[in-house]
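Structural features, examined
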There are 2 protein chains.
Amino acid sequence: MTASHDMLKPHNSSADKSRVRLWLRLLRATRAIEGELRERLRTTYNVTLPRFDVMAALYREPEGMLMSQLSKYLMVSNGNVTGLIDRLTSDGLVQRTLRDGDRRTSVVLLTKAGRENFEQMADSHREWVNELLSHFSPDEAETLAETLKVFASDWEGEAR
Amino acid sequence: MTASHDMLKPHNSSADKSRVRLWLRLLRATRAIEGELRERLRTTYNVTLPRFDVMAALYREPEGMLMSQLSKYLMVSNGNVTGLIDRLTSDGLVQRTLRDGDRRTSVVLLTKAGRENFEQMADSHREWVNELLSHFSPDEAETLAETLKVFASDWEGEAR
DNA sequence: CTTAGATATTTTATATTTGAAATATTTTTG
DNA sequence: CAAAAATATTTCAAATATAAAATATCTAAG
């Protein structure tokens, strides 16, 4: 299934290594930033990163999202989303509604409290990301984002 | 602490957006690749991604690592490492030793079985990463890795 | 209509993860 | 030395996460 066969060359390890190195850097950079954002969200707003992610996803969709859409968009399992929404619901930040003719599905959306709560956090979040990525100029950021778009969308779910 | 003050401009949102967009792309790309690797490690070798990460870290250090070094290198909490090492130990892939004069510390290293196990997986892992990042030429990968190195190292622990 | 299959979500069992507190040990200070 | 501070790890409770199984509902074929 791979793009290259190894009949002529048993190992093309020089090419191999650069992509592996890129992957490790990508992973470490992302983890470092994610950890810093997690910490700041916790100390400043007493919210976990997964909760913030869910609220961010829902904020973009005023009509709400299906559980399965959330799961695909956030790239986490169905069961995970169930638990997160359960807890967010019991905190009054999110609600399930049964607007469809389809009783299997439930549309999830932010409550008024949830929207207001998220809007506060979103401002800080934007500032933090700008601070943490300040090594990139806006132009560099655009370029790099465009580069990453290409290959990320290969596995991404449509999410809407 | 931030590089810019907002006395003249209350919001510099155009610059803001490009970095946030970059962050979201970075996050989604990483999650997509991570998810694919997780899936392949599970179906092919019946191993979880966190376990693979621990073994990869230990493989690079034949002398072994302290729990705290592992924790810093992998950017996860101490308690997390304890649990992972507990389970890897009971599977015979890892062992704790008390080589120091310091009885607080325990040096963790791969067993023979652990090394052999990891070597098998590492080959596949390298191929998978190359496949998943095949959109990048080796040169592009080098360049991008260098770019990411700069800002990741701001928060990275030294790890050795 | 009725059953087989498809779809959406929840439940379950287990593993991972965090952050705080507890424990154990070493180092430093008076 | 003895007490205090620092360091390294484990324990603990709660939240997050996965994958598989169970449940509920819808759709389609006959």
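Analysis parameters
Residues numbered from 1 in each chain as written. Chains lettered and ligands numbered in written order. Predicted model: local features only at pLDDT ≥ 70, side-chain atom pairs only at ≥ 80, totals over all residues. Heavy atoms only, no water. Buried < 20%, exposed > 50% of the residue type's maximum accessible area, 1.4 Å probe, protein only. Helix = DSSP H or I, 4+ residues; strand = E, 2+ residues; numbered from the N terminus. Pairing = 2+ DSSP bridges. Contact = heavy atoms within 4.5 Å. Buried area = accessible area lost by both parts, 1.4 Å probe. Salt bridge = Lys/Arg side-chain N within 4 Å of Asp/Glu carboxyl O. Polar contact = N/O pair within 3.5 Å; in protein donor to acceptor, adjacent residues only side chain to side chain. Least-squares fit on C-alpha atoms with pLDDT ≥ 70 in both. 1 Å grid on protein atoms, 1.4 Å probe; cavity = no way out; pocket = protein on both sides within 12 Å on 5 of 7 lines; lining within 4 Å. Points joined across faces, edges and corners; volume = space filled by probe spheres on them. Nonpolar A, V, L, I, M, F, W, Y, C, P; charged D, E, K, R; others polar. Near = heavy atom within 4 Å.

All names here are of chain B. Residues of strand 3 (residues 107–110) alternate between two faces, with Val 107 and Leu 109 on one and Val 108 and Leu 110 on the opposite face, all of them buried. One ladder, built from two bridges, connects strand 1 (residues 65–66) with strand 3; its direction is antiparallel. Looking at the pairing, Met 65 lines up with Val 108 of strand 3. Pairing of strand 2 (residues 94–97) with strand 3, which is carried by four bridges, proceeds in the antiparallel orientation. In the strand pairing of strand 3, Val 94 is matched with Leu 110.

This paragraph deals with the interface of chain B and chain A. Taken together, the 52 residues of chain B in the interface contact 51 residues of chain A. Interface of chain B and chain A: buried area, both sides summed, is about 5800 Å²; carbon and sulfur atoms make up 68% of it. The interface formed by chain B and chain A contains seven salt bridges. Across the pair Glu 34 of chain B and Arg 31 of chain A runs a salt bridge whose closest N-O atoms are separated by 3.7 Å. Between chain B and chain A we count 18 residue pairs in polar contact (both at pLDDT 80 or more) in total.

The subject of this paragraph is the relation of the copies chain B and chain A. The two copies are related by a screw motion: chain B maps onto chain A through a turn of 180° and a shift of 0.0 Å along the axis, at an RMSD of 0.0 Å. Interpreted geometrically, this transformation is the action of a two-fold axis. Both copies contact each other with a shared surface, as 98% of the interface residues of chain B are interface residues in chain A too.

Estimates place the volume of the largest pocket at around 1400 Å³. What lines the largest pocket is a set of 42 residues, and nearest its centre among them are Arg 31, Glu 34 and Arg 38 of chain A together with Glu 34 and Arg 38 of chain B. Elements with a contribution of two residues or more to the lining of the largest pocket: helix 1 (13–45), helix 2 (49–59), helix 3 (67–74) and helix 4 (78–90) of chain A together with helix 1 (13–45), helix 2 (49–59), helix 3 (67–74) and helix 4 (78–90) of chain B. Here the lining of the largest pocket is composed, by residue class, of 20 nonpolar, ten polar and twelve charged.

Here the focus is the protein's contact with DNA strand D. Taken together, 26 residues surround DNA strand D, and among them Thr 48, Ser 77, Arg 87 and Arg 103 of chain A together with Ser 68 of chain B come closest. Expressed as a percentage, the sugar and phosphate content of the atoms of DNA strand D within 4 Å of the protein is 80%. For DNA strand D, a phosphate oxygen lies 2.8 Å from a polar atom in the backbone of Arg 103 of chain A. In the model, a phosphate oxygen of DNA strand D is placed 2.5 Å from a nitrogen or oxygen of the Ser 68 of chain B side chain.

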